[in-house]
Amino acid sequence: MAEDNIIIEKIQKASKPESKKQPKKNTDKPKKGRSLNKVGNPVQKKKARNTIGAFLILFSIFTLLACISYIFTWREDQDQVMNQGLFSYMFSDDKTPVTNWLGKFGAWVSHLFYYRWFGLSSVALGFIAFLYGVKLLVNIKLLPLKRTLLISMVFMIWSSILLGYFASFPNYLGGSFGYFINEWLTLSIGKFGSFLLLAVLLYVIVALLFNPDFKALWDKWAFWGKGDDVEEDDNDGAVPLADMNVINTIKDEQIEKDNPSDAISLDDEEEEETEEESTEDDDFEIEVPQESKVESSGKDKMKVEVHDNDEELTEEDINDLQREFGDYDPKLDLASYVLPPIELLKDFGNSTINVNKQELEDNKNKIVETLSHYKIDIAKIKATVGPTVTLYEIIPAPGVRISKIKNLEDDIALSLSALGIRIIAPIPGKGTIGIEVPNSKPEMVSMRSLIASEKFQNSDMELPVVMGKTITNETYTFDLTKLPHLLVAGATGQGKSVGLNAILVSILYKKHPAQVKFVLIDPKKVELTLFNKIERHFLAKLPGEEDAIITDTSKVVNTLNSLCIEMDNRYDLLKLATARTIKEYNAKFIARRLNPEKGHQFLPYIVVLIDEFADLIMTAGKEVEHPIARIAQLARAVGIHLIVATQRPSVNVITGMIKANFPARIAFRVLSKIDSRTILDASGADQLIGRGDMLVSTGADVIRLQCGFVDTPEVEAICNFIGEQRAYPEALMLPEYVPEGSESAGEVDTNELDPMFADAARIVVLHQQGSASLLQRKLKLGYNRAGRIVDQLESFGIIGGFQGSKARDVLYADEASLDELLASKGIV
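This one's a predicted model, so the numbers in the text were calculated from it and none came from an experiment. (Residues numbered from 1 in each chain as written. Predicted model: local features only at pLDDT ≥ 70, side-chain atom pairs only at ≥ 80, totals over all residues. Heavy atoms only, no water.)

Quick look at the overall build of the protein chain
Scanning the protein chain from terminus to terminus reveals 27 helices and 17 strands. The 828 residues of the protein chain split such that 43% are buried. Surface exposure of the protein chain reaches about 46,100 Å², of which carbon and sulfur atoms provide 54%. (Helix = DSSP H or I, 4+ residues; strand = E, 2+ residues; numbered from the N terminus. Buried < 20%, exposed > 50% of the residue type's maximum accessible area, 1.4 Å probe, protein only. Areas by Shrake-Rupley, 256 points an atom, 1.4 Å probe, with all protein chains shown as cover.)

Encoded structure:
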C-alpha cells in the first residue's frame, strides 16, 4: 500500500507541470491576437480625429485673434519678430514686452501670415482650418470642404495681389506676396495694365467657380435702373418663366452629338464602278446610324357697418413688387445645389458601332434566298445597323402581298439561326417592310453617353427622360409631362429595373430638388433602397413615416389616397389663380402675381414610381386600382405623373381602366404574344432578345430601343453625391390621409349601434374571422348592413383594421372576454 501511494504521488507531481504549461500556450495566442487587433482600432481612429479636430479649431480661433491684434499692434512688435525664427524668438533672453494680445507666439504667427505671406487675405487659412476641425470633431460639414478650399485659396491669392496693388511697401494689406507680385507686374505691363489684368482674372475666376448667368444679371440691373420710367405693358400675355438653370457640372466639350453614319457600301470598289457596270448587289445599302355700399335714411336709428373686403394688390402694386424684389426663385433655399457630374457614370469606351460587313452580307443573302423559296421577289434591300439589332428594309417586287412576307417570320428566323426576329409590315411612314435581326455581337449603350448627348443636354423639356438609342444610333429622349403617364412591363431579368433607374437618373441629371419630387413604391423592398440617401432632396412621403420609400401595402393605399388629396388641393390653387396647368400657375407665382398669404406656393412636379404593380393588385386589389385610375385621369394638369411597372402584364393586373389612361408603354422582353398584346396592343415584345432590348409605344408608332445601362454602383455614386450636399430639413410632406372607420371606440354612440351588433361580435369571435361575408351568411344580412357592423366592430376594437384582400384580425380570443367588453359598454 505504501508503495502504491508513492507511485500515485509521483504521477500527480508529474502531471501538474503539464497542466500548467498548457494554459500558458492557450493564453499566449490570444495576447498576440489582441495586440494585432489594436492596429486600426476604430476607437483609436476616433480619438485621433477628435484630437486633430480640436487642435484645428483652437488653432483657427488663436490665429484669428492674433491677426486682429496685429492690425493695432504691428508697429510695436515688428522690430522684434523681423527676420527671426519661431524657436529663436520664443526662447530668446529679450525681456521687451509684447503688445500682441496673444504674446510672442501670436505676434510671430500674425507677422508670418500678414507680413510675409498674403496680408489680410490670410484669414482664409484659419477659416479653412475651422471647417476641417468641425468636420473631424463633431462630424458636421458646414460647407462643401473641397469646393470651399478651392474658392478660399483662389480668392486669397487674388485679393492679396489686389491689396498689394495699393501698397507702396510690404505691409499687412497684401503681404509680401501681393507686394512683390505687383512690383513685377508693374515692371512688365505697367500700373494700369496690372489693374486690367486683375479685373480680367476676377471675371475668369467667378465664371469658372460659380458659372453665373451674366446676361440675366445684366437684364435685372438694367430693369432696376429704369425705375419708375419703365412703361407698363398692357399686354396680359403669358408670363415668362424664371431662369431655372442649375449649376451643371457637364462641360460643353463633354456633350456628345448624335452622328449617324452615312450609307456604307459592301463593295469597296463601288465608287469606281459606273452605272452600266453595277450589279444587283448595288441595291443593298447599309446605314449606321388667370365695394360694398349701404344707403340708410336719416330717420333710421339703426347703425349699419359694412366691413371692407380684404385688401388686394393692384396690377401696379404687383409690378412694383416685381421691380423691387425681382422674380421669385424657388431654388433659393438650395442655391448652391450642383447637378451630378458626368464622371459618376462609367465610360465603356467608344460608342461607335462596329460594322461586320460579312455578317450583313450573309444575312442579306439568307433573307433573299428564303423569300425566293416562296417565290417572293425583292426589288431592293437596305440594312441599318443599330447597337443591338440590324434593320433590313426590303422593297418587294410589284404584285407581292405583304401578308405572305409577314407569315414567314419563323422561316426567316430559322434560316438566320437568330434568337428572334421581328417583321414590321409595313414600316410606318415608309413604303418598305422591315426585318429586325439581332446582331451576333450586340453593343452596350452606356448611360454616360446618353446623359452627355447633345439632344439631352440641350433639351428644354419639363421632365426630360433619356432611355436609350434607336436602330439608327440616335439618342431617344421624351418629356414625361407630355405622355403623361408611363406603363412599363417585362419578364424577370430582362432589364426592367435598369430602365426604371435610367428614368430616375435622367431626371436627377437635369432638375433641381425644388422642381421635382419622387414618390417611390417598392413592394420588393430592395430595388429602390439606394434612393433613401436623397430623401431630403428629392423624395416625398406621408407625415409621421420613417422611411420615404414605401414597402408596406397598407401604407401604399394611404399614400395613393394622399396623392389624390394633393391633386385636389392643387386644382383648388389653379382655380384661384385662373390657371389651366401647373406650368402656367408656377409662371404666375414666379412673377409674384400670386399671394403666398392666400395659400399659394411654388408647386414641384411629383413623379410616382410603382414597382411590382402585380403584387399590389394581388394584396390590395381595388383599394390600389381606384386611386391610381383617379390620378391617371386627372393629375396630368397639376404635375403628378405615374410610372407603373410590372413583370406580369396580364389583363387582371393591367385592367382596361388603367390601360385607357396610360397611352405611353414600354415593353421589355415578355414570354408570350398575349403578354405583348396586353402591354402594347400589338405583338413584337415576345421577339425581343432581352438585356435592355425594348419597344416604346407613345400612342402612334412603336420604336425599338436598346436601353442605356446604369449599374448599381453608378446609382449609388449619384445618390451619394446628391446626399452629401446641403438639403431641406425634411422630405416633402404629403397631405395626411385618415382611412374610413378609424374612429376610436369612445366616439361611437351605443344608441346608434345595429340591433344585431352583439350577435355579430359573438360570431366573429367564435369563428376568429372578421369579414362582412361571414356576417352575411350567418345572420342573413345585406352587404351594406354587414359592412356597417364591421366598421362598428372595428371602432370598438373587437377586430383590426383593413388589410386589403386579407381578413381582418380578431382581437378577442374567447366569448368571456368579449362579454366583459360588451357589459362594460352597456350593450348587454
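Section: the packing of helix α17 (residues 553-577) against helix α20 (residues 622-634)
Their axes nearest at 9 Å, the elements α17 and α20 cross at an angle of 25°. Classified by the interaxial angle, the pair formed by α17 and α20 is roughly parallel. Note that α17 runs across α20; the crossing there is left-handed. On α20, the residues touching V557, L560, N561, L563, C564, M567, D568 and Y571 of α17 are E623, V624, P627, I628, R630, I631 and L634. Across the contact of α17 with α20, the residue classes tally to 11 nonpolar, one polar and three charged. (Axes fitted to C-alpha atoms, helices over the stretch in contact; angles between N-to-C directions. Parallel < 35°, antiparallel > 145°, perpendicular 65-115°, else oblique. Left-handed = near helix turned anticlockwise from the far one by under 90°. Contact = heavy atoms within 4.5 Å. Nonpolar A, V, L, I, M, F, W, Y, C, P; charged D, E, K, R; others polar.)

Here we look at helix α19 (residues 613-620)
Owing to its 3.6 residues per turn, the α-helix aligns residues three or four sequence positions apart on the same side. Turning to α19, its buried residues are F613, A614, L616, I617 and A620. All buried residues of α19 fall inside an arc of 160° around its axis, so they share one side. Of the residues flanking the end of α19, it is G621, one or two places downstream, whose phi is positive at about 60°. (Arc of directions from axis to C-beta.)

A short note on the packing of aromatic side chains
When we look at a pair of aromatic rings, we describe it by the centre distance and by the angle of the planes. Within this structure, the stated rule accounts for 13 aromatic pairs. Measuring from ring centre to ring centre gives 6.2 Å for Y337 and F538, while their planes differ by 70°; the resulting arrangement is edge-to-face. Residue Y337 is found in the loop between α9 (315-325) and α10 (357-373), and its partner F538 is found in helix α16 (residues 535-538); the two are separated by 201 residues along the sequence. For the residue pair Y337 and F538, the accessibility class agrees, reading buried in each case. These aromatic residues form a ring-pair network of at least three members: Y165, F166 and F195. One residue, K191, lies across the ring of Y165, its end atom 4.5 Å from the ring centre. (Phe/Tyr/Trp six-rings, centres within 6.5 Å; stacked < 30°, edge-to-face > 60°. Lys NZ or Arg CZ within 6 Å of the ring centre and 35° of its normal.)

Some words on the confidence of the model for the protein chain
Per-residue confidence for the protein chain averages 79 on the pLDDT scale, and 78% of its residues sit at or above 70. pLDDT under 50 marks residues 261-282. Its contacts with residues more than four places away, or in other chains, come to 23 contacts. Note that pLDDT drops below 50 for residues 290-312; the model gives that stretch 11 contacts with residues more than four away or on any other chain. (pLDDT = per-residue confidence, 0-100.)

Description of the environment of K583
In this fold, K583 is placed in helix α18 (residues 582-590). On the basis of relative accessible area, K583 is assigned to the partly exposed category, the value being 43%. When the C-alpha atoms of K583 and V638 are compared, they prove to be 8.5 Å apart, with 55 residues separating the residues in sequence.

What about a nonpolar patch on the surface?
On the surface, I61, L64, L65, I68, I71, F72, W101, L120 and V123 cluster together into a nonpolar patch covering about 790 Å² of accessible area. Among the elements that take part in the nonpolar patch, helix α2 (residues 42-81) stands out by supplying six residues, more than any other. You can see I71 is positioned in helix α2. Classification of I71 by relative accessible area gives partly exposed; the value is 30%. (Patch = residues over 30% accessible without salt bridge, like charges linked within 9 Å, V, L, I, M, F, W, Y side chains within 5 Å. Salt bridge = Lys/Arg side-chain N within 4 Å of Asp/Glu carboxyl O.)

Thoughts on the packing of helix α6 (residues 145-165) against helix α7 (residues 175-210)
Between α6 and α7, whose axes approach to 8 Å, the crossing angle comes to 145°. Relative to α7, α6 is oriented so that their crossing is left-handed. Here the contact of α6 with α7 is built from residues that sort into 21 nonpolar, five polar and two charged.

Description of the pairing of strand β13 (residues 640-646)
Of all seven residues in β13, seven are buried; the element is thus mostly enclosed. Here β13 shows two buried faces, one formed by I640, L642, V644 and T646 and the other by H641, I643 and A645. As paired strands, strand β9 (residues 486-489) and β13 are joined by four bridges and run parallel to one another. By the bridge assignment, L486 is partnered in β13 with I643. (Pairing = 2+ DSSP bridges.)

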